[in-house]
Amino acid sequence: MRQKILYLYLEIRKTLGMVPRMFLQAILLMILIGAIAFCGVKSMEKKPLAVNVDIGIVVQEENAMTKMALAYIENMESVSQICSFRQVSEEEGTDLLTEGKLAALIVLPGQLVEGIMNGNNPEVKILFPENARLEAMLLRELTESGAGLLRVAQAQIYGVYDTAVEYGLTDRLSQMEMEIDSYNLAFALDRLALYETEMISATGRMSALQLYMSSGVVLFLLLSGMAVYPVVQQEPLAFRRQLKRQGTGKWWQCFCQWMCGFVCMVLCVVLSGGVVLLLKNAAATVIKNESGEKGLSTFVLSDGNSFLVTAPETGLAEKIGISLLVIATAATLIYFLYSIAQSKTGGILLIFLCSTVAVYLSGGLIPSPFLPKAMQAVGDRLPTAYMMRAVGGLLAGYEKGAMIRCVAGLCGYTVLSALGACLLRGKE
């Protein structure tokens, strides 16, 4: 037993001597991931391309009713965000339409509103350019669809009127017309029905910021494993046999190497976290709050969430335990991948490939609901998914039973990876 303890002590001492170099590599990795995240946030802040359609309106006979109808249409939220109306003469509108400065030209006849109300239904002309742009083509399709719905509604009203007159049901005519109008409006404007019945969130319990913070932490843990190869590399065969003769078997050798990798990753995480906190405090002393005083009690990010806010229902001991379990799982996975590759270059490439693919499938880059069903089924069972849920639970809190499932999944993958690595390294 004394020989085993001595071997573990020598391995840990060797690891501590390599920590400064590994820490610098981890800092460079953190800067790289931070730069990628910063670019991603900046790209998300860009406003999407907005469609703006200029439409000309020709009013052949102006009156109060027509002006009121135009004002109502122009002030509709769904219309004003897309369409810009300007009143022109028919000759001017035709010239602008030919030059491509208008997406459409609407010619309103005289007594428009009165004609609709008394059943004459005057004709409204809508002119489109010959070489229409995408906006004009979209507007044409919407106009044709709207005209089709209007024709159906008119046929329904006229059919109901004739039927009511034929069967002597004119006293119920207004009620039947209201039901037809309600049906047509519900058919055309039912876009809010989903949000009235169910709220859907692509990131689940976490906000978008918390989701990408958890995925960034997991990706940092896995990619930082590329720097621990000098610690977890396998000893030469002759040296391993000599250790075995002295009572240090292959299982204890594997445990000591894994323990050194785990200690190294814990130190890197603690030191990196300290650097982040120092940067946060430095930024907090520079940024002025609303009252103009220097210093901030909480460093607030752009979306209103405070920096590194943890769920209040999670105790300190639970936070530390889950954090160590996540690091242990990452260290075991890295140890297993190095055991498969059996070389530094192959191990680094394998860690990078497996880490990025696993985080992507687990919804760390694109939320899982936006991925295909098959990819979601695979990603939900990967160890990175359990690691992201565990880290995300520290930020947003855990649902009922979620902590137990995360701990069970992490322990299961840790044990399986450890057994696989020991079996691979036990072969001579």
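Residues numbered from 1 in each chain as written. Predicted model: local features only at pLDDT ≥ 70, side-chain atom pairs only at ≥ 80, totals over all residues. Heavy atoms only, no water.

Caption draft 1: Seen up close, the overall build of the protein. Secondary structure summary: the protein contains 17 helices and 4 strands in total. Out of the 428 residues belonging to the protein, those deemed buried represent 33%. By sequence separation, contacts in the protein at least 24 residues apart represent 72% of the contacts at least 6 residues apart. As displayed, the protein has an accessible area near 26,400 Å², and 64% of this comes from carbon and sulfur atoms. (Helix = DSSP H or I, 4+ residues; strand = E, 2+ residues; numbered from the N terminus. Buried < 20%, exposed > 50% of the residue type's maximum accessible area, 1.4 Å probe, protein only. Contact = heavy atoms within 4.5 Å. Areas by Shrake-Rupley, 256 points an atom, 1.4 Å probe, with all protein chains shown as cover.)

Caption draft 2: Structural detail: the environment of alanine 164. As for its placement among the helices and strands, alanine 164 is situated in helix α6 (residues 134-166). You can call alanine 164 buried: its relative accessible area is 1%. Separated by 12 residues in the primary sequence, alanine 164 and methionine 176 place their C-alpha atoms 9.3 Å from one another. Not counting chain neighbours up to four residues away, the residues in contact with alanine 164 comprise Leu169, Thr170, Leu173 and Met176.

Caption draft 3: Focus on a nonpolar patch on the surface. Among the surface-exposed residues, Trp251, Val415, Leu419 and Leu423 lie close enough to one another that they form a single nonpolar patch of about 400 Å² accessible area. The residue valine 415 is located in helix α17 (residues 402-425) in this model. Residue classification places valine 415 among the partly exposed residues on the basis of a relative accessible area of 47%. (Patch = residues over 30% accessible without salt bridge, like charges linked within 9 Å, V, L, I, M, F, W, Y side chains within 5 Å. Salt bridge = Lys/Arg side-chain N within 4 Å of Asp/Glu carboxyl O.)

Caption draft 4: Local environment of the pattern of salt bridges. As enumerated under the stated definition, the model contains 2 salt bridges in all. A salt bridge links lysine 101 to glutamate 99; the shortest N-O distance between them is 3.5 Å. By relative accessible area, which is 51% here, glutamate 99 ends up exposed. A salt bridge links aspartate 380 to arginine 389, with the shortest nitrogen-to-oxygen separation between them at 3.6 Å. With a relative accessible area of 26%, aspartate 380 lands in the partly exposed category. Accessibility expressed as a relative area gives 36% for arginine 389, which makes it partly exposed.

Caption draft 5: Here's a closer look at the pairing of strand β1 (residues 53-59). Counting buried positions along β1 gives 6 out of 7 residues, so the element sits mostly inside the fold. Here 5 bridges tie β1 to strand β2 (residues 83-87), and the two strands are oriented parallel to one another. Directly across from isoleucine 57, in β2, lies its bridge partner glutamine 87. The pairing of β1 with strand β3 (residues 104-108) spans 5 bridges and is classified as parallel. Looking at β3, one finds that valine 58 is bridged to valine 107. (Pairing = 2+ DSSP bridges.)

Caption draft 6: Examining the nonpolar core more closely. In this structure, Met22, Val228, Met265, Val326 and Met387 are the most contacted members of the largest nonpolar core, which totals 49 residues. Those elements that place two or more of their residues in this core are α1 (2-45), α9 (208-224), α10 (229-232), α12 (250-286), α13 (316-341), α14 (344-361), α16 (383-396) and α17. No other element matches α13, which puts 12 residues into this core. Beyond its immediate chain neighbours, meaning those up to four positions away, methionine 387 contacts Val218, Leu222, Val326, Thr329, Ala330, Leu333 and Leu410. Counting 13 residues, the second largest nonpolar core, distinct from the first, contains Leu70, Ile106, Ala136 and Leu139. (Core = buried A, V, L, I, M, F, W, Y, C linked by side-chain atoms within 4.5 Å.)

Caption draft 7: Structural view of the side chain of serine 224. Among the secondary structure elements, serine 224 is positioned in helix α9. A polar contact is formed between the side chain of serine 224 and the backbone oxygen of leucine 221, at a distance of 2.7 Å. (Polar contact = N/O pair within 3.5 Å; in protein donor to acceptor, adjacent residues only side chain to side chain.)

Caption draft 8: Fine view of the packing of α13 against α16. Two elements in contact, α13 and α16, have axes separated by 10 Å at closest approach and are oriented at 160°. On the basis of their axis angle, the class for α13 and α16 is roughly antiparallel. At the point where α13 passes α16, the crossing takes the left-handed sense. Packed against α13, whose contacting residues are Lys319, Ile322, Ser323, Val326, Thr329, Ala330 and Leu333, the element α16 presents Pro383, Met387, Ala390, Val391 and Leu394 at the interface. Classifying every residue of the contact of α13 with α16 by side-chain character gives 9 nonpolar, 2 polar and 1 charged. (Axes fitted to C-alpha atoms, helices over the stretch in contact; angles between N-to-C directions. Parallel < 35°, antiparallel > 145°, perpendicular 65-115°, else oblique. Left-handed = near helix turned anticlockwise from the far one by under 90°. Nonpolar A, V, L, I, M, F, W, Y, C, P; charged D, E, K, R; others polar.)

Caption draft 9: The arrangement of α14 in detail. If you check α14, its first and last C-alpha atoms are 26 Å apart, about what 18 residues at 1.5 Å a residue would give, namely 26 Å. Elements in contact with the buried residues of α14: α9, α13, α15 (373-379) and α16. Looking at where α14 begins, the residue whose side-chain oxygen comes 3.3 Å from the main-chain nitrogen of glycine 346 is serine 343. Just downstream of α14, glycine 363 is the residue with a positive phi angle, here 90°. (Expected span 1.5 Å × (residues − 1).)

Caption draft 10: Summary view of the environment of valine 391. The topology assignment puts valine 391 in helix α16. Distance in space between the C-alpha atoms of valine 391 and valine 326 is 7.9 Å, their sequence separation being 65 residues. Those residues in contact with valine 391, other than ones at most four positions away along the chain, are Ser214, Val217, Val218 and Val326.

Caption draft 11: Just the sheet that holds β1, in detail. Across the sheet, 4 strands lie side by side as β2-β1-β3-β4; this open sheet has mixed pairing. Pairing within the sheet leaves two strands with one partner each, and these edge strands are β2 and β4 (125-127). Between one strand axis and the next, the sheet turns by 25° as a mean value, whatever way the strands run. Of the strands in this sheet, β1, β2, β3 and β4 touch helix α4 (residues 90-99), which is tilted by about 160° from β3.

Caption draft 12: Spatial organisation of the pairing of β3. By the criterion of burial, β3 is predominantly enclosed, with 5 of the 5 residues buried. Of the pairings in the sheet, the one linking β3 to β4 comprises 3 bridges and is antiparallel in character. The residue of β4 that forms the bridge with valine 107 is lysine 125.

That is the geometry; function is a separate question.
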